[in-house]
Amino acid sequence: MLWLASGDAFLVVCGVALILSPLLLAWLVSSPILLALLALPSLSWVMYGLMVLRAYATVPPAPVSHGMALELGTVPALAGEIERLRLACDAPAFTAIYVNTELNASIYQAGSRAGPSKHVLVLGLPLLALLTGKQAAAVIAHEYAHISRRHGHFARWAYVARQRWGALAALHERNHRLITAPLRLFLSWYVPRMMRETLEFSRRCEVVADAQAMAVVGADIACETETALVLRQKAMSEQFWPGIFAQAGQDDIARAQPFTQLLTEPVGSRPRDGVQAAVWLHESLCQKPDMHDTHPVFSERLAATGRDPTGPLPDRLPWHLEGPSAASDWLQGEATGIAAQLDADWREHAASGWQDAAEQQARQHGQFLKLLQRREQQVFDQRDWRQLAQLARKFDPAGPLRAEAIAHGLQQAPDDPALLELRADDLERDGDIRGAISAWHCISANPSSPEYRVHLHLCELYLRAGDTLAAERHRQIADLAWAGGDGSRPADDVLFPHDMQASELALLQEKLQPLFQHARAIWLCRDTQPDTADPPRWFLYVQAHDGWFMRLVGRLTGEEDVSASACKRLLERLQARLHLYVEVCFIGPSRPIPAHCTHESLIAQAGRPAGGVTNKPVTAPTLSNV
C-alpha cells in the first residue's frame, strides 16, 4: 500500500507544482523582460500539470461490465447456497451477481459515498456447468474470503493505479518535450516496482482466501476443486474452443452454441479418461511460481490443502462430473436461457474470429486440393506426404488417404519423426497401444525430437497399457526435461531456425528489402522443429541500428530512435504483403539478443540478405519443387 500511496502523492505534487509554476516564477524572477520571455513556456507547464491531474482523477469503469445480471429471485437454489456460504464465511452480502463466459469466478468491491460499499460477484457459466455443487461452493467460499478480508478494496485500488499509470504512459508517448523528462524517468523507475509489490500482495491475498475457503468446505473438497479446475482449463483451451472454431469451415456462426453445449459436459470439455488426466496434472505440477502472476501455481495450492505435490496422485481424479453440475442444481430451468443469451453475445463478439477461422479452413482445403493434383504429376518427398497426411485427417477423415500418405512417406524416410508421430497417433486411436509405444520409441531415438513431449506421450501410453513402473520412469524423464534450462518451462519450448527452402526465403527477403537499411540484423524463427507435424508460428526478430547518443537522448526525451521508428512504420506496411503471418519482436538497445537468434535463423545483416542465398540467382520453380 505504501507504494500506491507514494505514487499517488508524487502525481498530485507534480501536477500542483506545474500549475503553480507561473506564481513561483513571478516570486523568484524580478526582471520584467525575463518574465515576459518565460510567460509562454510557463503556460505550457500549466496545461501539462492539468493533463497530469486529469489523468490522476480519471476513474476507470468497473471491470464487471461484461456478462449478464442475475436476479436471485429466479434461482432460489443458488440464492440459498450463496446465503449459506455467506454465513459460514461471516462476510457481507453481495449487492449484485453477474454471469459471464469465463471458467472462473471473481469479486469486485467499491466504496460508495452515497451508502454502503458495493460487493459484486461474477460467476462464469462454464464454471457452474463443469463443476459439481460442492466444487463450485469452494470457489464461491474463496471469493467470500476476499470480501470478508476486504481484499477487493485493495484490488480496486491497485486496478485503478495500473489504469492511471497506463493513462499517464499514453500521455507521455504523445508528449516528448524536455519538461516531461523527470516524470518519464520516474515512470520508468516506479511502475515496475509498484507492479512487483502489488502482484506479491495479490498472491498473499490468494493464499489467505484459499485457507479460509478450505476451513469452510474442507481440505478434500478444496483439493478436488483445484484439481478439477486445472483439468477443465486445459481441456477448454486445448480441445473445446479449438473444436468450436474448427466448425467455421462447415457451419455458419449462427448455429454455434458453445455455452448451451457446455451444459451437457461435451467430450472436449474434459480429459479423455483418468490416464490423460493424470498426465495433465503431472504437467501442471511441474510449473514453477511466476512472479508476474497474481495467483499461486497448482503445486503451491495443492500443498496448501495438505497434499504432497511430489507424491503420488489420488487414485480417483475429478476428470469428469460424477453427479449433477452446479448449473443443474442451482440454476435449474434458468440455465438454458442464460446459456442462450451468452451464446448470442458470444456470436456477436466472435464474428471476426469465426471469419478468420473460416478463411484458414478454406486456405487449408485449397492446399489439400493442390496436393491431390500435384500427386498425379510429380514425385513427392516426405514433406509432401507429411502435409498430405495432416490435411487428410481434416478433409478425408473416413478415407484411406491419410494412411497411404504416411506409408509412402515412411518408405522414403523411415526415421522421419513427424511421420512416425502421425503413425503413432493413428495406432493409438485404433487401440494398438503397443504399436504406438514402439513408434514413440523410434521417435525418441532421433536427437532432434523434443524430449519432453516424447516421454510425456510414452508415460500416457504405458499407463494405458497398465505398466505403471515404465510410466513412472518416463514421467520422471519428462519432468527433468521440463526443468531443463531455467526450470520454468520445458527445454524444448524454445524457438528454432526457420529452415526455409532457398526460393521461399528469397521471396521473403525480397518483400522485406526496404527494412534492411534500417535494421542491424533480422532473424526468422519458428516455434516447432522443422521435422515435426505441428504447423509453426513464425517470429520475426528485428534489431534496429542505434548509438549511445541516441539512446541517451531517448532516455531523456522519450524520442524513439530514427531507425527503430522507421522499422516499425515499414513493418506495418510490409506485413500485409508477406506470404506468411509473422509475430514481430523488436530487440531494443538494452535487451540482449535471444539465444534462438542464431546464424541459422539470420535472414538479414548490415543491410544485406543473409541465409546462404545472397549471391545465388533465384531460378524459376520446376515440377520437382513447386
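Our structure is the block above this text.
Below is a short write-up of the structure. (Residues numbered from 1 in each chain as written. Predicted model: local features only at pLDDT ≥ 70, side-chain atom pairs only at ≥ 80, totals over all residues. Heavy atoms only, no water.)

### Re the pairing of strand β9 (residues 602–605)
Examined bridge by bridge, strand β6 (residues 519–526) and β9 share 3 bridges and lie antiparallel to one another. Directly across from tryptophan 523, in β9, lies its bridge partner leucine 602. Sheet topology note: the β9/strand β10 (residues 608–609) ladder contains 2 bridges and is antiparallel. Bridge pairing links glutamine 605 to arginine 608 in β10. (Pairing = 2+ DSSP bridges. Helix = DSSP H or I, 4+ residues; strand = E, 2+ residues; numbered from the N terminus.)

### Structural notes on unusual backbone geometry
We note that aspartate 90 has phi near 55°; this positive angle belongs to a residue other than glycine. Note on placement: aspartate 90 falls in the loop between α4 (76–89) and β2 (96–100). Of note, glutamine 332 is a non-glycine position whose phi angle comes to about 50°, a positive value. Position of glutamine 332 among the secondary structure elements: in the loop between α13 (326–331) and α14 (334–349).

### Focus on a positive patch on the surface
Together, Lys511, Arg569, Arg573 and Arg577 give the surface a local cluster of positive charge. Take arginine 577: it is sitting in the loop between α25 (562–574) and β8 (582–586). With relative accessibility at 51%, the residue arginine 577 sits in the exposed group. (Patch = residues over 30% accessible without salt bridge, like charges linked within 9 Å, V, L, I, M, F, W, Y side chains within 5 Å. Areas by Shrake-Rupley, 256 points an atom, 1.4 Å probe, with all protein chains shown as cover. Salt bridge = Lys/Arg side-chain N within 4 Å of Asp/Glu carboxyl O. Lys, Arg positive; Asp, Glu negative; His and termini not counted. Charge placed at Lys NZ, Arg CZ, Asp CG, Glu CD. Buried < 20%, exposed > 50% of the residue type's maximum accessible area, 1.4 Å probe, protein only.)

### Side note on the nonpolar core
If you look at the biggest cluster of nonpolar residues, it comprises 54 residues, and the most contacted ones within it are Leu123 and Leu331. Broken down by element, this core gets its largest block of residues, 8 residues, from helix α6 (residues 133–148). Residue contacts for leucine 123: discarding those within four places in its chain leaves Leu78, Ile97, Tyr98, Val99, Asn100, Asn104, Ala105, Leu128 and Ile140. Of all hydrophobic cores here, the second largest spans 37 residues; its members include Ala392, Leu410, Leu458 and Tyr462. (Core = buried A, V, L, I, M, F, W, Y, C linked by side-chain atoms within 4.5 Å. Contact = heavy atoms within 4.5 Å.)

### Notes on helix α20 (residues 451–465)
Along an α-helix, a turn takes 3.6 residues, which lines up residues three or four apart on a common side. With 15 residues, α20 ought to run about 21 Å at 1.5 Å a step, and its terminal C-alpha atoms sit 21 Å apart, in line with that. On the buried face of α20, the contacting elements are α11 (274–285), α18 (417–429), α19 (433–444) and α21 (468–482). Following α20 by one or two positions, glycine 466 adopts a phi angle in the positive range, close to 85°. (Expected span 1.5 Å × (residues − 1).)

### Looking at a nonpolar patch on the surface
Judged by side-chain polarity, Val12, Val16, Leu20 and Leu23 come together as a nonpolar surface patch covering roughly 330 Å² of accessible area. Relative to the assigned elements, valine 16 resides in helix α1 (residues 2–19).

### A short note on the pattern of salt bridges
Following the criterion strictly, the structure yields 27 salt bridges and no others. Here arginine 402 ties to aspartate 426 by a salt bridge, and the two come within 2.9 Å at their closest N and O atoms. With arginine 402 in helix α17 (residues 401–412) and aspartate 426 in helix α18, the pair connects residues that are 24 residues apart, well separated along the chain. Looking at arginine 402, the relative accessible area reads 6%, which means it is buried. The partner of glutamate 428 in a salt bridge is arginine 464, and the shortest N-O contact between them spans 3.7 Å. Taken together, the residues glutamate 428 in helix α18 and arginine 464 in helix α20 connect sequence positions 36 residues apart. When its relative accessible area of 14% is taken as the criterion, glutamate 428 is described as buried. Accessibility expressed as a relative area gives 22% for arginine 464, which makes it partly exposed. Three or more residues are tied together by salt bridges with common partners; here these are Arg272, Asp273, Glu428, Glu460 and Arg464.

These figures capture arrangement, not role.
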